[in-house]
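Okay, here's what each chain looks like letter by letter:
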Amino acid sequence: PLPHHGTALGVRWPPDQAQLRAEAEGFVAELQVADGQTVQAGEAVLRLENPRLTAERQRLAAQVDALAVQWADTAAAGGERAGNLQAELAAAQLALAQAEAREAELTVRAHSAGRVALPEAADLVGQYVARGRLLGQVLTGAPPTVRVAVPEADAATLPAGGAPASVRWQERGARAWPARLQRVA
């Protein structure tokens, strides 16, 4: 049989750990690194603000403080009222911890070390972003994944996974880069 040859358009796909996604909805308040700057894993890249989340956390913190005072006043006497207040306080503390965790999601952090790519950096501050929105990526230097949609009839003729292939980047001219095929259902 002759070697199989074909051309298909594809898209460079960053690995999940390289993607900078909003874990919560909010307004971009501040870029903490510049486009092109090198970051470490866990480093803050940008900060969102969500006044609703902040107000909820503040309300819950005040509720915890008030319940703690009430419980302290009744704990010495004991009884059912003290037990009920202790249960309410525990529930309010749990709700506060959950609100603090949601508020912590307003900081978008790099999941891997590399160079930050924020294509819309100049327009991001003040912009509303929905939860899950891709804001940029961290370029790690690892070989990229290229996703290609192939018609079903052509897919049947492709060799099994791991077969050699080549990739040409549109902006880099005719140079072919070595690659390997991998089927994803």
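Asker: For this particular structure, what's the right way to read the side chain of Asn50?
Answerer: Summarising the element assignment, Asn50 is placed in the loop between strand S5 (44-49) and helix H1 (51-75). For Asn50, a relative accessible area of 8% translates into the label buried. Of the polar contacts made by the side chain of Asn50, one reaches the backbone oxygen of Glu25; its length is 3.0 Å. Excluding residues that lie within four positions of it along the chain, Asn50 makes contacts with Glu25, Gly26 and Leu106.

Asker: Explain the pattern of salt bridges here, please?
Answerer: Side-chain pairing between opposite charges can occur once the charged atoms of the two side chains come close. Tallying each qualifying case throughout the model produces six salt bridges. In this structure, the salt-bridge partner of Glu49 is Arg47, at a minimum N-O distance of 3.6 Å. Under the relative-accessibility criterion, Arg47 is labelled partly exposed at 28%. The closest approach of N and O atoms between Arg59 and Glu56, which form a salt bridge, is 2.9 Å. Separated by three residues within a single helix, Arg59 and Glu56 lie in helix H1, roughly one turn from each other. Look at the salt bridges and you will find they share partners, linking Glu30, Arg47 and Glu49 into a network.

About the cut-offs
- Residues numbered from 1 in each chain as written.
- Predicted model: local features only at pLDDT ≥ 70, side-chain atom pairs only at ≥ 80, totals over all residues.
- Heavy atoms only, no water.
- Helix = DSSP H or I, 4+ residues; strand = E, 2+ residues; numbered from the N terminus.
- Buried < 20%, exposed > 50% of the residue type's maximum accessible area, 1.4 Å probe, protein only.
- Polar contact = N/O pair within 3.5 Å; in protein donor to acceptor, adjacent residues only side chain to side chain.
- Contact = heavy atoms within 4.5 Å.
- Salt bridge = Lys/Arg side-chain N within 4 Å of Asp/Glu carboxyl O.

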